[in-house]
Amino acid sequence: MKPYRSMLFVPGHKPTWAEKAVAAGSDAVILDLEDSVPAADKAEARKTVRETIGRLAEQETRADVWVRPNSFGSGLFGADVEEVLVPGLAGLFLPKVFTAQEIVQIDAVVSHIEEREGLEAGSIGLIVSFETAVSMAHCEEIAAASPRVSSLLGATGPSADVGRELGFEFTAEGLETLYLRSRIILAARAAGLHHPVSGVWQDLKDLDGCRRFAEDARKLGYRGLVCIHPSHVAVANEVFTPSAETVDFHRRMLEAYRAAEAQGSAAVDFEGQHIDLAHAKTAEGIIALAEAIGVK
């Protein structure tokens, strides 16, 4: 999966909001069929989401389009995916997952619809949102359950599903969720998933708090933020974009290492720091991330 610095939720039954999400600069839009859609509107919302995916595809919008269906055990998942698995969809953002077996079953359903609808095999990705105690206790198995799994979400917001499941009290410092967020990062990296995303910051007006929250997530290893308001998108994009100074530093580092390597040395003193192959690989990763995002 390409890196998403920001992924912005849009209620699926609000068709005009999708363009606003794109205009906000989000790297990806998540059209929601789950919690933000009233029960009475869910059937119509499926049709609206299908139309929105098609419309955004025709506009060749820069942002990728994902859909959050209702959970696999809700009784609504099948109808959701039957409607929304269409050209222009990047994947499904899965809520309230419990087990790896659930991912295997979802993979089978998606594979069937892909083949039936003439979509490229394996083209529909899955992002797993860890919102249950069972899923977090088995995050390693879930991360490796299917090649479709593109990323993991470490959801740790206040007063929502995770907090209720585990009984913790949310703090901005995040010590109560540090173990969970760290374990999800480890599960993602062990499964070869290099762009895990964090979420969500629920205070719509506290942008400084949002920035601190995003910076803490980045330092821990997350590569993007799932947002619930357009005002958070610019913050996320800035926080998760390597600065020009950082990119330039690592370009110089890589050049110094390669020059030393060409002279038969496996290590070099670079601007007062000892660097070797491990540091060169890290520099390559940062440069690749910057280039994928579009940093010059």
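Our subject in this report is the structure included herewith. Because the structure is predicted, anything quoted here is derived from the model rather than measured.

Reading guide: rules and limits
Within each chain, residue numbers correspond to sequence positions counted from 1 in written order. At least 70 in pLDDT is required for a residue's local features to be given in this predicted model, at least 80 for side-chain atom pairs to be given and counted, and no such filter applies to totals for whole chains, interfaces and linings, which use all residues. Side-chain descriptors were evaluated using all non-hydrogen atoms of the structure, hydrogens and water having been removed beforehand. Axis definition: a line fit to C-alpha positions, over the contact stretch in the case of helices; interaxial angles, taken between N-to-C directions, run 0 to 180 degrees. Here a helix means four or more residues in a row that DSSP labels H or I, a strand means two or more in a row labelled E, and each is numbered from the N terminus. Orientation labels follow simple angle bins: below 35 degrees gives roughly parallel, above 145 gives roughly antiparallel, 65 to 115 gives roughly perpendicular, and whatever is left gives oblique. Each helix crossing is assigned a hand: it is left-handed if the near helix lies turned anticlockwise from the far helix by less than a right angle, otherwise right-handed if that turn is clockwise. Any two residues whose heavy atoms approach within 4.5 Å at even a single point are treated as in contact. Computed over the protein atoms alone on a 1 Å grid, cavities are sets of points where a 1.4 Å probe fits but cannot get out and pockets are open sets with protein on both sides within 12 Å along at least five of seven lines; a residue lines them when it has an atom within 4 Å of a point. Grid points are joined across faces, edges and corners, and a volume is the space filled by probe spheres set on the points. Should DSSP find at least two bridges between two strands, the strands are taken to pair. Side-chain rings of Phe, Tyr and Trp, where Trp is taken by its six-membered ring, are said to pair if the distance between their centres is within 6.5 Å; with planes under 30 degrees apart they count as stacked, over 60 as edge-to-face, and otherwise as tilted. Exposure is judged per residue with a 1.4 Å probe applied to protein chains only, and the accessible area is read against the type maximum: over 50% gives exposed, under 20% gives buried, and values in between give partly exposed.

1. Here we look at the packing of helix α11 (residues 244-262) against helix α12 (residues 277-293)
And step 1. Where α11 meets α12, the closest approach of the two axes is 9 Å, and the angle between their N-to-C directions is 140°. Classed by the angle they form, the pair α11 and α12 counts as oblique. α12 is crossed by α11, and the crossing has left-handed handedness. In contact with Thr246, Val247, His250, Arg251, Met253, Leu254, Tyr257 and Arg258 of α11, α12 contributes Leu277, His279, Ala280, Ala283, Glu284, Ile286, Ile287, Ala290 and Glu291.

2. Considering the layout of surface pockets
And step 1. Within this model, the largest pocket holds a volume of roughly 570 Å³.
And step 2. Looking at the largest pocket, it is lined by 30 residues, and the ones nearest its centre are Phe9, Asp32, Arg68, Val200 and Ile228.
And step 3. For the lining of the largest pocket, the secondary-structure elements that each account for two or more residues are β1 (6-11), α1 (17-23), β6 (149-155) and α7 (161-166).
And step 4. Here the second largest pocket defines a volume of roughly 390 Å³.
And step 5. Contributing elements (two or more residues each) for the lining of the second largest pocket: α9 (207-220), α10 (231-239) and α12.

3. Quick look at the pairing of strand β9 (residues 267-270)
And step 1. Both β9 and strand β10 (residues 273-276) contribute to a ladder of four bridges, which runs antiparallel. Residue pairing for β10: aspartate 269 is matched across the bridge by histidine 274.

4. Focus on the packing of aromatic side chains
And step 1. What the rule picks out here adds up to six aromatic pairs.
And step 2. Between phenylalanine 9 and phenylalanine 93, the ring centres sit 5.5 Å apart and the planes meet at 80°, which makes this aromatic pair edge-to-face. A residue pair is termed long-range when its members are at least 10 positions apart, and phenylalanine 9 in strand β1 and phenylalanine 93 in strand β4 (residues 91-94) qualify at 84 residues.
And step 3. On the basis of relative accessibility, which here comes to 16%, the residue phenylalanine 9 falls in the buried class.
And step 4. Three or more aromatic residues joined by ring pairs make a cluster, and in this case those are Phe170, Trp201 and Phe213.

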